[in-house]
Every structure is written in C-alpha cells, then in structure tokens.
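Listed here are the chains, written in short residue letters.
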2 protein chains.
Amino acid sequence: MKRNIEKEHADVCESVHHHDELVERIAGRMPPEEDLYDLADFFKVFADTTRIKILYVLLCQEMCVCDIADTLKMTQSAISHQLRVLKQMDLVKFRREGKTIFYSLADDHIGSILSQGLEHINE
Amino acid sequence: MKRNIEKEHADVCESVHHHDELVERIAGRMPPEEDLYDLADFFKVFADTTRIKILYVLLCQEMCVCDIADTLKMTQSAISHQLRVLKQMDLVKFRREGKTIFYSLADDHIGSILSQGLEHINE
DNA sequence: TGTTCATATGAACATCTATTCATTTGTTTA
DNA sequence: TAAACAAATGAATAGATGTTCATATGAACA
C-alpha cells in the first residue's frame, strides 16, 4: 500500500513543484467537507476547560445549574451559556423539577471520549 | 450508586440555595486543574477543520508541505503554521530529505480518535 | 395576583485563533 | 558562491469565543 514517495517527489517536483497525481488521489479520498466541519465542531465542544469540567461533574451525577456553578466556582450565567452549547451538541439532557432544572449526560460514551483524551496526554 | 437528588435538593435548597455537601464531594473528585487544561488543549487541536484535513491526508500517507497545501487548496504558509501546532502536540513527526520535509502521523491511534468523533456525529 | 427563585438570554468586551503577506532560514545545485 | 527552492516565521488583521452584567422568562407559592 505504501508507495515510494521520495522517488515520486524527485521525479515530479523538480519541474512542477508538486505531485499532481498524488494530490488528486488523496483529495479524492477525503471525507466530504461538511463531515469535516461537523467533526471539528464536535471536538470544539471538548476544547474548553469549563465545558470539560461540567462534563466531569455530570459524569458523577446529575446536577442543577446552581450546584454546577458552585462546584466550579463560576457564575450561574457562565455555566448556563456553556450548558446551552452542550445541549445544542446533544451532549447533555435535562429535566425540570419545579423551579430547578437538572442536567445530566445525554450519552454513556462521553466518558470514554474524555478517557481516550487523557490516555493520549499521559503518553 | 445513584442517589435521590430530588430529595436532597428539596431538603437543602429552600434555605441555602445550594447543596454544600454535594458540591464539596463532587469538587473533591475532580481531576487536577492542570490535567483539565491539558485535556482541553488536546481537543483544541482537533477543533479546527484545517488541522483535521491535514491529519486525514497524513492518515493516507506521509506528505511534504507543498503537497498538503495543494491537496487542501490552501497556502503553504497556512499549512506550515498548522503543522507547527500539530508538531507541538506531538501528533505529527517529520523527516528531511534534501529541500523537502515529509510529515507523517506520530501516533497510530490518531485515526481512532477521529473515528470515534465521526461515530458520535452519526448518532 | 404578586413575589421569589432558578435558569436563560442578549449585548458588550476582552481574549484567542487562523489566515495572509512579507521575509527569513536552510538546503541543493548550477 | 550565487541562485533556486521548500519550508518556517513574525507581524498584522479579521473573525470566533468565553465571560460578565443586566435583564427576561417561567415556575412555585403566599
């Protein structure tokens, strides 16, 4: 499967500065543009400390907004804004009970995504 | 493992607006602040379409900077800047061959991280 | 119904990030 | 050694993102 890139490069690059065939072949194998945007958006959710903290908290148990805020020592507003993002990406769900709204993880394997990240960080 | 949150909330919230015990218990279980920052930084790398595209390209095979740029129809400079980020996070490695520098994935399970992301997106 | 309380939301602001453009570095080869 | 070339880098800019502050919504209860 692996081809002799060096040779290709020597052959082609001297005259035209890039490998037309190679470029076309790989370009043809790329997933659709839209999928790649969705994928980036998905990872964007995990790319913020506040949201990661919220997810870790909810990994332990469901919680209301003010308790999350207290736990993370942040304002209710900041948490609420971030919960909206998590909600939009379907990472959390919620249920109302009187004045209080309880948030919890929407998906069981959110924990495994976080774990895989930690795994990579610890070599 | 799951406790009766509703009851706890009813008991405590009326008087003090939050659950001191609960908050302390969960706060004590959080991973260290620094780990959470590292984790966010890790996911940040995948949170950009250009970097995802580069990783997908390198998933097929190693490539020089100008070919990556041609494949993605972007400038050499933009790609080079992003490769620096990927390099700093140890996601890509490179080898020099004359004037050309070939980049490749540093780690075999980068593909599985991307796959897990896609999996989640497709429900 | 009016007040209280938990949460949501909008605007403003500060910070961060990705790309571009111009230039530099470092290697090859004429 | 000078020219050509691949890649890297720095400064500038435009756009995105997270938090704060003030306010709105919507449910409970007096």
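Quick caveat: nothing in here was measured; it's all calculated off a predicted structure.

1. Re empty space enclosed by the protein
Evaluated as defined, the whole model comprises one cavity of 30 Å³ or more. Taken as a whole, the largest cavity spans an internal volume of roughly 50 Å³. For the lining of the largest cavity, the secondary structure elements donating two or more residues are α3 (33–45) and α7 (110–121) of chain A together with α7 (110–121) of chain B. In terms of residue class, the lining of the largest cavity is built from five nonpolar, four polar and no charged.

2. What to know about the interface of chain A and chain B
The partner chain B presents 56 residues to the 56 residues of chain A that form the contact. Carbon and sulfur atoms make up 70% of the surface buried where chain A meets chain B, a total of about 5,200 Å² over both sides. Broken down residue by residue, the surface that chain A buries against chain B is led by F43, Q116 and H120 of chain A, which jointly contribute 13%. Counting every contact that joins chain A to chain B gives two salt bridges. Here E33 of chain A ties to K53 of chain B by a salt bridge, and the two come within 2.9 Å at their closest N and O atoms. There are ten residue pairs in polar contact (both at pLDDT 80 or more) connecting chain A and chain B. Among the elements that take part in the side of chain A that touches chain B, α3 of chain A stands out by supplying nine residues, more than any other. The residue makeup of the side of chain A that touches chain B, split by class, is 29 nonpolar, 13 polar and 14 charged.

3. Details of the confidence of the model for chain A
Per-chain confidence: chain A averages 87 in pLDDT, with 85% of residues scoring 70 or above. Segment residues 1–16 of chain A: pLDDT under 50, and 22 contacts once partners within four positions in sequence are set aside and those in other chains are kept.

4. Comments concerning the protein's contact with DNA strand D
Near DNA strand D you find 28 residues, and of these T50, R51 and S77 of chain A together with C66 and Y103 of chain B are the closest. Of all atoms in DNA strand D that approach within 4 Å of the protein, 67% are sugar or phosphate atoms. In the model, a phosphate oxygen of DNA strand D is placed 2.7 Å from a nitrogen or oxygen of the T50 of chain A side chain. Residue Q82 of chain A places a side-chain N or O atom 3.0 Å away from a phosphate oxygen belonging to DNA strand D. The set of elements that each furnish at least two residues to the surface near DNA strand D consists of α4 (49–60) and α6 (76–88) of chain A together with α5 (65–72), α6 (76–88) and β3 (100–105) of chain B. Here the surface near DNA strand D takes six residues from α6 of chain B, the largest share from any one element. Its residues assigned to classes, the surface near DNA strand D comprises eight nonpolar, twelve polar and eight charged.

5. Focus on the packing of aromatic side chains
Evaluation of the coordinates by the stated rule reveals nine aromatic pairs over all chains. Centre to centre, the rings of F94 of chain A and Y103 of chain A are 5.6 Å apart; their planes meet at 40°, and the pair counts as tilted. Ring centres of F42 of chain B and F43 of chain B lie 5.4 Å apart, and the angle between their planes is 65°; this geometry places the pair in the edge-to-face category. According to the relative accessible area criterion, F43 of chain B is buried, its value standing at 2%. Three or more aromatic residues joined by ring pairs make a cluster, and in this case those are F42, F43 and F46 of chain A together with F42, F43 and F46 of chain B. Against the face of F94 of chain B rests K87 of chain B, its NZ or CZ located 5.0 Å from the ring centre.

6. Quick notes on the environment of L105 of chain A
Residue and element names in this part refer to chain A. Note that L105 resides in strand β3 (residues 100–105). Along the chain, L105 and I54 lie 51 residues apart, while their C-alpha atoms are 9.8 Å from each other. Setting aside anything within four residues of it in sequence, one finds L105 in contact with L55, L58, L59, L91, V92, K93 and I110.

What counts, and at which threshold
Residues numbered from 1 in each chain as written. Chains lettered and ligands numbered in written order. Predicted model: local features only at pLDDT ≥ 70, side-chain atom pairs only at ≥ 80, totals over all residues. Heavy atoms only, no water. 1 Å grid on protein atoms, 1.4 Å probe; cavity = no way out; pocket = protein on both sides within 12 Å on 5 of 7 lines; lining within 4 Å. Points joined across faces, edges and corners; volume = space filled by probe spheres on them. Helix = DSSP H or I, 4+ residues; strand = E, 2+ residues; numbered from the N terminus. Nonpolar A, V, L, I, M, F, W, Y, C, P; charged D, E, K, R; others polar. Contact = heavy atoms within 4.5 Å. Buried area = accessible area lost by both parts, 1.4 Å probe. Salt bridge = Lys/Arg side-chain N within 4 Å of Asp/Glu carboxyl O. Polar contact = N/O pair within 3.5 Å; in protein donor to acceptor, adjacent residues only side chain to side chain. pLDDT = per-residue confidence, 0-100. Near = heavy atom within 4 Å. Phe/Tyr/Trp six-rings, centres within 6.5 Å; stacked < 30°, edge-to-face > 60°. Buried < 20%, exposed > 50% of the residue type's maximum accessible area, 1.4 Å probe, protein only. Lys NZ or Arg CZ within 6 Å of the ring centre and 35° of its normal.

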